[in-house]
Amino acid sequence: MKTPSTQLKNRRLKLRRLLRRPRENRVRPRSRTRLRFSPTAWAKLLYFRDRGGTEVGGFGVTPAADLLYVEDVRLVGQACTVVSVAFDDLSVAEFFDEQVDTGRRPAQFGRIWIHTHPGESAEPSCVDEETFARAFGNSDWSVMFILACGGRTYCRLQFSIGPGGDFQIPVAIDFDRDFAPSDFKSWALEYANCVRTAEEFDCLERGDGLQVGDAIFGPKQVLDVFQESVQRKGPFFDERPF
């Protein structure tokens, strides 16, 4: 004969089995960690990618309440080749000052590094890996996003909080919010003011000037800045975390 305590225990186990959902009906929650672009920001990035035959790099700008939603892609002054992008430190500093003046925090404009690959592969190169580790390694979190010419993407989130780590995350275009129309005129001006190719610097060595907006810079003035940038350890920005 079972004791009252044994009977009570059996009733509890039976109740638990009845309340338990069948294994095949359990649904794992979908991961919400993904990088999302507004349609306008995505169109702007495609425009920058297809504008020339080199890599192009910039920063993703996000709202304060959703740091993985890119609402704008901003370029800074850079020297580009088909395999590399060298950001100008002064241009990066001016961009950061501009963003702070608008009331944004560094997490909104200095954590998502975006660049393109002119080839079919979106896999990061050894230079990409070194740059990401050096320039963003001390940040609490950061993202490296690559868009290749053929449409392939690569996106990795890294974080230094606790033990640290990194993992790839999916990418999506978010149509659930209002978005601005395309503005090809301003995009073309931003590209012209920021992107300089190796061919353009070859022209400078021959004695031609370089026009940026309405200003024309002499060959020596521009080449001195460029050579100083590429000779500096890591011509991306300084070692300070954002």
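Now for a description of the structure that goes with this document. Keep in mind the model is a prediction, meaning the values are calculated, not measured.

With that settled, consider the packing of aromatic side chains. Where two aromatic rings form a pair, the distance of their centres and the angle of their planes describe that pair. In this structure the tally under the stated criterion is 19 aromatic pairs. Centroid distance Phe 175 to Phe 179: 6.4 Å. Interplanar angle 80°. Geometry classified as edge-to-face. By relative accessible area, Phe 175 is classed as exposed at 57%. An aromatic cluster of three or more residues is present, and its members are Tyr 47, Phe 48, Phe 184, Trp 187 and Tyr 191. The lysine or arginine in question, Arg 177, covers the ring of Tyr 69, its NZ or CZ lying 4.0 Å from the ring centre.

Within the span of helix 5 (residues 126-136), buried status applies to Asp 128, Thr 131, Phe 132, Arg 134, Ala 135 and Phe 136. Taken together, the buried residues of helix 5 touch strand 2 (57-61), strand 7 (112-117), strand 8 (141-148) and strand 9 (153-159).

This paragraph deals with the sheet that holds strand 6 (residues 85-87). Taken together, the three strands give an open sheet; going across it, the order is 6-5-12, and neighbouring strands pair in mixed fashion. Edge positions in the sheet fall to strand 6 and strand 12 (195-197), since each has one partner strand and no second. Neighbour-to-neighbour, the strand axes of this sheet turn through a mean angle of 25°, independent of strand direction. Where strand 5 (residues 78-80) lies against strand 12, three bridges are found, and the strand directions are parallel. Paired with Ala 79 across the two strands is Arg 196, which belongs to strand 12.

The next thing to look at is the pattern of salt bridges. For the structure shown, the criterion picks out twelve salt bridges. Its salt-bridge partner being Asp 66, residue Arg 36 comes within 2.4 Å of it at the nearest N-O pair. Placement of Arg 36 in strand 1 (residues 35-37) and of Asp 66 in the loop between strand 2 and strand 3 (69-70) is noted, with a sequence separation of 30 residues between them. For Arg 36, a relative accessible area of 11% puts it in the buried group.

This next bit is on the nonpolar core. Counting 28 residues, the largest nonpolar core has Phe 48, Phe 59, Leu 75, Phe 87, Phe 95 and Val 195 as its most contacted members. Within the residue set of this core, elements represented by two or more residues are helix 2 (39-51), strand 2, strand 6, helix 3 (89-101), helix 5, strand 8 and helix 6 (184-194). Sequence-distant contacts of Leu 75, defined by excluding residues within four places in its chain, comprise Phe 48, Val 56, Gly 57, Gly 58, Glu 190, Tyr 191, Cys 194 and Val 195. The next biggest cluster of nonpolar side chains, apart from the first, holds 18 residues, and it includes Leu 35, Trp 42, Leu 68 and Leu 147.

Scoring rules and cut-offs
Residues numbered from 1 in each chain as written. Predicted model: local features only at pLDDT ≥ 70, side-chain atom pairs only at ≥ 80, totals over all residues. Heavy atoms only, no water. Phe/Tyr/Trp six-rings, centres within 6.5 Å; stacked < 30°, edge-to-face > 60°. Buried < 20%, exposed > 50% of the residue type's maximum accessible area, 1.4 Å probe, protein only. Lys NZ or Arg CZ within 6 Å of the ring centre and 35° of its normal. Helix = DSSP H or I, 4+ residues; strand = E, 2+ residues; numbered from the N terminus. Contact = heavy atoms within 4.5 Å. Pairing = 2+ DSSP bridges. Axes fitted to C-alpha atoms, helices over the stretch in contact; angles between N-to-C directions. Salt bridge = Lys/Arg side-chain N within 4 Å of Asp/Glu carboxyl O. Core = buried A, V, L, I, M, F, W, Y, C linked by side-chain atoms within 4.5 Å.

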